[in-house]
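Descriptive structure summary
Here are the chains, one letter per residue:
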Amino acid sequence: MDESRAVASEDVSELIGDRVFSALETSPAGLTQHEAESRQATGGKNLIEAAKRRSPVLAFLSNFTHLMAILLWAAGIIAFLAGMPELGVAVWLVNVINGCFSFWQEARASKATEALKKMLPAYASVVRDGTEQKILAEDLVVGDVMLLAEGDKISADARVVRASDLQVDQSTLTGESSPARKSADAVLEKDLTRAETPNLVFAGTSVSEGNGRVVVTSIGMDTEFGKIAHLTQSMEDVQSPLQKQLDRLTKQVTLFALAMGAVFFLLDVLFVHNGLATSFIFALGMIVAFIPEGLLPTVTLSLAMAVQRMSRRNALVKKLSSVEALGSTSVICTDKTGTLTQNEMTVNHLWTVSREYEVTGVGYAPTGELTSEGRTWSASDDEDLRLLVVGGALCSNARLLVPEKEGGRYAVLGDPTEACLLTACRKAGIDPAAQEKETPRVRELPFESRRKRMTTVHQLSEPIDGARRVAYVKGAPNEVVRLSERIRRNGSSVEMSDEERQAIMDANDRYAREGLRVLALAYRPLSPDDPSVPSAISDYAPDTIERHLTFVGLLIMQDPPRPEVAAAVAECRRASIRVVMITGDYGLTAVSIARKIGIVQGADPRVISGLELEKMDDAELREALMDEVVFARMAPEQKLRVVSMLQAMGDIVAVTGDGVNDAPALKKADIGVAMGITGTDVAKEAADMILTDDNFASIVHAIEEGRAVYANIRKFMMYILNSNVPEAVPSAVYLLSAGVVPLPLTTMQILTIDLGTDMMPALGLGCEPPEADVMGRPPRDPHESLLNRRVVARAFLWYGLLGAAASLAAYFFAQLQGGWRPGMTLFGVGADLDPAYVRATTMALAAIVFSQIGEVWNCRTETDSVFSVGLFSNRQINLGIVFEVFLVVLLSVVPPLREIFHTSPLAPLDYAFLCLLPPVILLMEELRKAIVRKRHNQMRRPATSRAEGR
Ligand SMILES: Nc1ncnc2c1ncn2[C@@H]1O[C@H](COP(=O)(O)OP(=O)(O)OP(=O)(O)O)[C@@H](O)[C@H]1O
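Computed from a prediction, not measured in an experiment: that's the story for all the values here.

Near the ligand you find 18 residues, and of these Lys-336, Ser-449, Ala-476, Thr-583 and Gly-584 are the closest. For the shell around the ligand, the elements supplying multiple residues, two or more each, are α14 (416-427), β17 (453-464) and β18 (467-475).

In structure tokens, the structure reads:
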């Protein structure tokens, strides 16, 4: 084993205190950057080697060995045996072209998804050169001092050197779901497994509670995880329901093609009395024409491209299947802080029982002042005020980053709720860093959403209420007030009266109604004489410390809504997507913000608190969810129940979350959405989508893309399927007329359409931008099949028949040009190579290609006029059109190709006829769309009001 990648951690677990650092040749101040780099140069990066992927050769070959491909190989052989080698070659060529095309599509799709993986890098917090910094997890080296916080994914094996209630979820390693408690003490027991050793943590596990400091002992493949893991990357390769549906559909259509082939074969034998071999070849052409090759990979590519587009709009989707679920999302359950609001907090009021202060200034810059009763105040003017700002600042893990240049922006590391308390403290004239030095922190009971509060314990130089140790507790006001027995009034601690309790809650409600976020601060002197205080600091726990509190005051902060959110919420309303706020914050604050951004519109929306929800049974919850409702003071775990109920009610639910406890709801949701900036690694891992900007509006953009991709796949299918009709109808006319109408389109010509003219423009449909109307419709029913009756009818009976009519018209037009008149025998009966007949079949083929130009324009929009998106705005489609026209001209003028495909050059008049087809087909469809739009507009009113009433 390479020494620089791992040390014998059995030894490290037995060491005490500083010996750990020396054994790993590091120090509490971490490695120097220089040393870290040199260790990386010898020990390599902290990477788990990816499981071997399927070899590209095998991946390529698999495109030629599936059911449809085998059918085509067999068909080619039969054509050879029947003495038609050029047909055999053509069929095989179709197969080869389709195989290569599929491989190319798959490669592009996987490249797109690979690129996304790189957009989700893992980070680790370390101490190097004595300062905290965030580095890429792959840059960790042995000896790095790593900081762990709740929700962090641990990226290397390490020895714990400091732990504050540190608990680690080791289920990825041990399968054990309950978290393992970790501590910094030396372990001398010999019979523990490595996972059981309490002072070791392992790569691939995550922090479920508390925080700590560890020293890296091994990285990369030398970690426990590396030894057992075949990388479980964030991108999963499961087939989405849509892909499954298409797989099934492709098989069904293949069977249908075989059945059609059989029918055509029988008709040819029985009606037209052709020989068995001729009939067989004829039927073969039909089968090949109908098999939808290339459908599945194109769909996969469409999904991958949508994923790429979403990433440009700040939504990273981890699985292709999520794109689909996004398209049918009917409810978004969103939290508030940071998602709907800016999470750039500023304390703008301070409140004690004797005075209310206004705090000026914006952002985190400590420029501003405290005013009350017409004058400016500082901490030295009022002891209670001093306690409030100092306690708030000490009970904080955030750091203010002072700008290097004058006039630069103050930034924060950590929770904005805590960072703004540091700013408020500075505005009151006290430097929080100096305070921290003077009264060092000896213990932290970390913040938990469930408890809604946090506590830090400090050693004091000046006693408070006679004690030299104090616990500062800050959290949700009703929680803190519930735990308080005393209150600070005029500089001393006195028993709290009921009136004072009421006054606090009244003040809280008043602020909350304005949408402000309110935190309360209390303290508890921890005297060694107090029997209710545990004697050992390590025994300090929420239930022993957060009681008998003395209330100090309220810290009121502003967190304005994000400016783009109101429009996004309005967009949801238009798209019949319901937005439900589920927040940990106070009900009145929640409703005020919800109203400002349009989530609630009614005069008196129902607010359900976490406590109430606990008492509600499922029927009551279902009833409540029928109306406008805001969930406030919710513990993250309770989200799961709301999500499950909405799903039971038939909704497709997207849920946002950022904490460890949000993971179950994120997993349960149809679309779990984690916050990229504030979210923990655990939440990101549980989610299907990550918002790189934490912004609600990005979810709505992703839904729009999800809807668009589904619509595009449908457009693409409609286009691919419709060309089957003009390929089949001329043959049917030939069969049903018992040969009186000579075959208007030969088998080879049918193959031409499949060989290349059709696929290029179809591809362009996969990357159409969302239609303007895409968010004006209700969400798609997830059970609805991609090919519903309406789509099939439109593809076959409308577009298809238009194409078939064009093809037959062109055929007869050429017959007329050749001199045929009604009543006469058509050219071609009995004599296959009659020039007038060959020209007529060439025209039939060219007419299909030209009508497909009209059809591809038609398929670009569902109900909007194609002119509204610009007839030539899709470059890929334009290229496809040029390509197919070029191919037709080539086939009809190059002599060897004319031989093979039975074609002949066309006259200018023929081209004039062909050029008329696209505009005629386009205008007929525009007429249909105009009628549909008119009907939609008439129906929309009742549909929208129903969605709003939900
Ligand atoms: N760092 C903190 N220290 C102490 N109390 C906090 C802290 N952060 C939040 N709180 C309190 O706990 C409550 C719940 O917090 P939580 O993080 O669950 O939700 P939130 O931030 O209010 O909102 P949302 O759930 O909408 O993101 C908050 O409303 C606040 O009263």
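Now, onward.
What follows covers helix α23 (residues 636-648). Listed in full, the buried residues belonging to α23 are Pro-636, Gln-638, Lys-639, Val-642, Val-643 and Leu-646. Relative to the axis of α23, the buried residues are bounded by an arc of 145 degrees and lie together on one face. Backbone geometry just after α23 places Gly-650 at a positive phi near 95 degrees.

Moving on, we come to unusual backbone geometry. Of note, Glu-25 is a non-glycine position whose phi angle comes to about 50 degrees, a positive value. Mapped onto the elements, Glu-25 comes out in the loop between α2 (18-23) and α3 (33-43). We note that Asn-314 has phi near 70 degrees; this positive angle belongs to a residue other than glycine. Note that Asn-314 resides in the loop between α11 (295-312) and β8 (315-317). What makes Asn-314 partly exposed here is the crowd of 18 C-beta atoms within 10 Å.

With that settled, the discussion passes to the nonpolar core. With 230 residues, the main nonpolar core has Leu-350 and Leu-555 as its most contacted residues. Top element by residues in this core is helix α26 (residues 696-722). It accounts for 17 residues. If sequence neighbours within four positions are ignored, Leu-350 has contacts with Tyr-357, Val-359, Leu-370, Leu-385, Leu-388, Ala-424, Gly-553, Leu-555 and Ile-556. Counting 35 residues, the second-largest nonpolar core is a separate cluster that includes Val-127, Ala-156, Val-160 and Val-214.

Let us now look at the domain arrangement of the chain. Along its sequence, the chain is carved into domain 1 (1-230), domain 2 (314-340 + 562-702), domain 3 (346-558) and domain 4 (723-949). Summarising the inter-unit geometry, the C-alpha centres of domain 2 and domain 4 are found 45 Å apart. Element by element, the count of residues in the side of domain 2 that touches domain 4 is highest for helix α19 (residues 565-574), at three residues. Along the lines of polarity and charge, the residues of the side of domain 2 that touches domain 4 split into three nonpolar, five polar and three charged.

The subject of this paragraph is the environment of Glu-546. Mapped onto the fold, Glu-546 is located in the loop between α18 (542-545) and β22 (549-558). What Glu-546 contacts, discounting residues up to four positions off in sequence, is Arg-453, Thr-455, Val-473 and Leu-483.

Bringing the packing of helix α12 (residues 320-327) against α26 into the picture now. In the contact formed by α12 and α26, the axes pass within 7 Å of each other and the chain directions differ by 100 degrees. Taken together, the axis directions place α12 and α26 in an arrangement best described as roughly perpendicular. On α26, the residues touching Val-323, Glu-324, Leu-326 and Gly-327 of α12 are Ala-702, Ile-703, Gly-706, Arg-707, Val-709 and Tyr-710. Split by residue class, the contact of α12 with α26 holds six nonpolar, two polar and two charged.

Residues annotated in UniProt with the feature "transmembrane region" (unreviewed entry) correspond here to residues 57-81, 87-104, 253-273, 279-304, 796-816, 836-857, 877-894 and 906-924. With 80% helix and 0% strand, residues 57-81 has its two end C-alpha atoms placed 30 Å apart. Along residues 877-894 the backbone is 94% helical and 0% strand, and the end-to-end C-alpha distance reaches 25 Å.

With their axes 8 Å apart at the nearest point, helix α27 (residues 724-736) and helix α30 (residues 789-818) run at an angle of 50 degrees to one another. If you check the angle between α27 and α30, you find them oblique. The way α27 lies across α30 gives a crossing that is right-handed. Taken together, the residues of α30 that come into contact with α27 (itself represented by Asn-724, Val-725, Pro-726, Val-729, Pro-730 and Val-733) are Phe-796, Gly-800, Leu-801, Gly-803, Ala-804, Ser-807, Leu-808 and Tyr-811.

In this sheet, strand β25 (residues 629-632) lies alongside strand β23 (residues 578-582) in parallel orientation, the contact comprising two bridges. Opposite Met-581, over in β25, you have Val-630 as the bridge partner. As paired elements, strand β24 (residues 606-609) and β25 share four bridges and run parallel to each other. Each bridged residue has a counterpart across the sheet, and for Ser-609 the counterpart in β25 is Ala-632.

Another point: the environment of Leu-691. Within the fold, Leu-691 resides in strand β28 (residues 689-691). Note on Leu-691: 28 C-beta atoms within 10 Å, which makes it buried. Excluding its chain neighbours within four sequence positions, the residues that come into contact with Leu-691 are Asn-314, Ala-315, Val-673, Met-675, Gly-676, Ser-698 and Ile-699.

Another aspect to go through is the sheet that holds β23. With mixed pairing, eight strands are arranged side by side in an open sheet as β8-β28-β27-β26-β9-β23-β25-β24. Edge positions in the sheet fall to β8 and β24, since each of these pairs with one other strand and no more. Across the sheet, the mean angle from the axis of one strand to that of its neighbour is 20 degrees, orientation sign disregarded. Packed onto the sheet, α12 meets β8, β27 (671-675) and β28 and runs at close to 105 degrees relative to β27.

Calculation notes
Residues numbered from 1 in each chain as written. Predicted model: local features only at pLDDT ≥ 70, side-chain atom pairs only at ≥ 80, totals over all residues. Near = placed C-beta within 6 Å. Helix = DSSP H or I, 4+ residues; strand = E, 2+ residues; numbered from the N terminus. Buried ≥ 20, exposed ≤ 12 C-beta atoms within 10 Å, placed from the backbone. Arc of directions from axis to C-beta. Core = buried A, V, L, I, M, F, W, Y, C linked by C-beta atoms within 7 Å. Contact = placed C-beta atoms within 7 Å. Domains from an automatic or database assignment. Nonpolar A, V, L, I, M, F, W, Y, C, P; charged D, E, K, R; others polar. Axes fitted to C-alpha atoms, helices over the stretch in contact; angles between N-to-C directions. Parallel < 35°, antiparallel > 145°, perpendicular 65-115°, else oblique. UniProt positions renumbered as here; feature names shortened; annotations may be inferred. Left-handed = near helix turned anticlockwise from the far one by under 90°. Pairing = 2+ DSSP bridges.

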